[in-house]
Amino acid sequence: MSNRFYDFSASLQQLEQQNLYRRRRVVDGPQAVELQVEGRRLLNFCSNDYLGLANHPDVVEAFKTGADRYGCGSGAAHLICGHSSAHHALEEELAAFTGRERALLFSTGYMANLGAISALVGRGDCVLEDRLNHASLLDGGLMSGARFQRYRHADTDDLRVKLDRTQGRVLIVSDGVFSMDGDVAPLPDLARLADKYQAGLLVDDAHGFGVLGRNGGGVVEHFGLSAEHVPILVGTLGKAFGTFGAFVAGSAELIEYLMQKARTYVYTTALPAAVAEATRTGLRLLQAESWRREQLQALVGHFRRGAEQQGLRLMASATAIQPLLVGDSGRALVASRELADLGFWVGAIRPPTVPAGSARLRITFTAHHSLQQVDALLAALGEVLR
Ligand code: PMP
């Protein structure tokens, strides 16, 4: 093609040379511990299906029944005619589960974060974000037009210094569990600071919700906090819930405001109602079956003890996300490929997802892994990272 606009080859080549090119693999069959991947069977250690609900027969059945009752597409945005009784019931159940007045469904977590942040702050306001926040939180802050600043990771002293220097309306934004490090945000301190400085606090608990806390209430329950400490809570449904979508939970007034103002809510088609039905079942299972969280914790403990014995470079995480720091992107890629040759699927996470020089193998566990599978992974890691 002669039009230079369409020439992407230099950019693509550069990504390849820097070992930053991303490739996807085709999975055949449902999400499970063992996956059929392009002719190979791989043990899956990179999924966010933490509780093993994505392929649970009751969740699948609810999805089918939902499709029978509501059809496939929702037809329109929630505020037009796409808001079904299934969506409505799920919102009420999520509000009850999170101990908040209301919850609002969004089509994805990315959209929930973009929409909520850009509705809550704008020109003349300030947004302060942990520098390791998920891309959707950072993008929401940038898109909002508010003055955008990042504080050092989990560093509430740095946040305090920045709060001292800001005036007017301020929104503090943090992941609950950091998606690429697995550590937990210093939530009690964030809540105290937000209160002291009269700032808003939005916490995205995509990786904690359903997983942390005795009842799966996430990072808020983990710290024994309640709704008043974290007034704006984002949760995603594509991870522990085993389905798809996201929600924001908070006061009735907050939710009413977001319904009016969040552009990624107003101007997009509602999730299929069948997904809402499947999620309602996921939520019931997640509440009823605490053994899933206990099993996950047991696997994480077992893995960390084994990895320590082998001298692997663990990070400070007690959650189902257990990255091993490698550093160089090329080395991380080679390690990931060698693991695949040994039958294990572990992703190599590289910049810009993580800071330069901190490429890592991101290992995640689900309640369906066995201790034997974790031992097999440890043996393979020992071989590959020796
Ligand atoms: N927040 C965090 C912390 C995430 O890790 C992710 C996705 N991995 C999202 C939001 C986006 O959620 P979704 O996949 O539903 O768009």
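The rules behind the values
Residues numbered from 1 in each chain as written. Predicted model: local features only at pLDDT ≥ 70, side-chain atom pairs only at ≥ 80, totals over all residues. Pairing = 2+ DSSP bridges. Helix = DSSP H or I, 4+ residues; strand = E, 2+ residues; numbered from the N terminus. Domains from an automatic or database assignment. Contact = placed C-beta atoms within 7 Å. Nonpolar A, V, L, I, M, F, W, Y, C, P; charged D, E, K, R; others polar. Axes fitted to C-alpha atoms, helices over the stretch in contact; angles between N-to-C directions. Buried ≥ 20, exposed ≤ 12 C-beta atoms within 10 Å, placed from the backbone. Arc of directions from axis to C-beta. UniProt positions renumbered as here; feature names shortened; annotations may be inferred. Near = placed C-beta within 6 Å.

Caption draft 1: Looking closely at the pairing of strand E3 (residues 40-44). Alignment of strand E2 (residues 34-37) against E3, held across 4 bridges, turns out to be antiparallel. Each bridged residue has a counterpart across the sheet, and for Gln 36 the counterpart in E3 is Arg 41. Here E2 folds back onto E3, and the loop between the two strands holds 2 residues, one of which, Glu 38, carries a positive phi near 50°. Summarising the sheet, E3 and strand E12 (residues 344-345) pair through 2 bridges and their orientation is parallel. Its bridge partner being in E12, Leu 43 is matched across the sheet by Phe 344.

Caption draft 2: Molecular detail of the domain arrangement of the chain. Each assigned domain of the chain is listed here: domain 1 (20-51 + 290-384) and domain 2 (57-288). Counting residues at the interface gives 19 residues for domain 1 and 18 residues for domain 2. When contributions to the side of domain 1 that touches domain 2 are tallied by element, the ones reaching two or more residues are helix H13 (291-309) and strand E11 (321-327). A total of 3 residues in the side of domain 1 that touches domain 2 trace back to one element, the largest contributor, which is E11. Across the side of domain 1 that touches domain 2, the residue classes tally to 10 nonpolar, 6 polar and 3 charged.

Caption draft 3: Expanded view of the pairing of E2. Relative to E2, strand E1 (residues 27-28) is paired through 2 bridges, and the arrangement is antiparallel. Bridge pairing in E2 links Asp 28 to Gln 36. Where E1 folds back onto E2 in an antiparallel hairpin, the turn is made up of 5 residues, including Gly 29, whose phi is positive at roughly 100°.

Caption draft 4: Structural context of the sheet that holds E11. Spatially, E11-E14-E13 is the arrangement adopted by the 3 strands of the open sheet, whose pairing is antiparallel. Of all strands in the sheet, those with a lone pairing partner are E11 and strand E13 (347-349), marking the two edges. Put simply, the sheet's adjacent strands are angled 30° from each other on average, direction ignored. In terms of strand pairing, E13 meets strand E14 (residues 359-364) through 3 bridges, oriented antiparallel. Bridging across to E14, Ala 348 finds its partner in Leu 361.

Caption draft 5: Layout of the sheet that holds strand E4 (residues 102-106). Spatially, E4-E10-E9-E8-E7-E5-E6 is the arrangement adopted by the 7 strands of the open sheet, whose pairing is mixed. Across the chains shown, the open sheet's two edge strands, defined by having one partner strand only, are E4 and strand E6 (147-151). Taking each pair of neighbouring strands and ignoring which way they run, the sheet shows an average axis angle of 20°. Where E4 meets strand E10 (residues 246-250), 5 bridges bridge the pair, whose relative direction is antiparallel. Counted as the bridge partner of Phe 106 is Ala 246 from E10. Strands in contact with helix H7 (residues 156-165) are strand E5 (126-130), E6 and strand E7 (170-175); relative to E6, the strand with the most contacts, it is inclined by about 155°. Packing of helix H8 (residues 187-196) onto the sheet brings it into contact with E7 and strand E8 (200-204), and relative to E8 it is tilted by some 155°.

Caption draft 6: Seen up close, helix H10 (residues 252-261). If you check which residues of H10 are buried, you get Leu 254, Ile 255 and Leu 258. For H10, the angular spread of the buried residues around the axis is 95°, confining them to a single face. Projecting away from the buried face of H10 at angles above 90 degrees are the exposed residues Ala 252, Glu 253 and Gln 260. Its buried side turned inward, H10 meets E4, helix H5 (109-120), strand E9 (232-236), E10 and helix H11 (263-266).

Caption draft 7: Representation of the UniProt feature "modified residue: N6-(pyridoxal phosphate)lysine" (unreviewed entry) in the chain. Following the UniProt record, the feature "modified residue: N6-(pyridoxal phosphate)lysine" (unreviewed entry) maps to Lys 239 here. By secondary structure assignment, the location of Lys 239 is in the loop between E9 and E10. Given 28 C-beta atoms within a 10 Å radius, Lys 239 is considered buried. Not counting chain neighbours up to four residues away, the residues in contact with Lys 239 comprise Asn 48, Asp 49, Tyr 50, Ala 206 and His 207.

Caption draft 8: Fine view of the site of the ligand. As a matter of local geometry, the ligand sits amid 14 residues, with Thr 108, Gly 109, His 134, Ser 179 and Ala 206 nearest to it. The dominant element in the shell around the ligand, judged by the number of residues it contributes, is H5, at 3 residues. The residue makeup of the shell around the ligand, split by class, is 3 nonpolar, 9 polar and 2 charged.

Caption draft 9: Unusual backbone geometry, seen in detail. Residues Pro 351 and Pro 352 are joined by a peptide bond in cis, for which omega reads 5°. With respect to the helices, strands and loops of the structure, Pro 352 is situated in the loop between E13 and E14. For Ala 154, which is not glycine, the phi dihedral falls at a positive 55°. Position of Ala 154 relative to the elements: it lies in the loop between E6 and H7. With phi around 55°, Gln 198 is a residue other than glycine that occupies positive phi space. Within the fold, Gln 198 resides in the loop between H8 and E8. The class of Gln 198 is exposed, set by 9 C-beta atoms lying within 10 Å.

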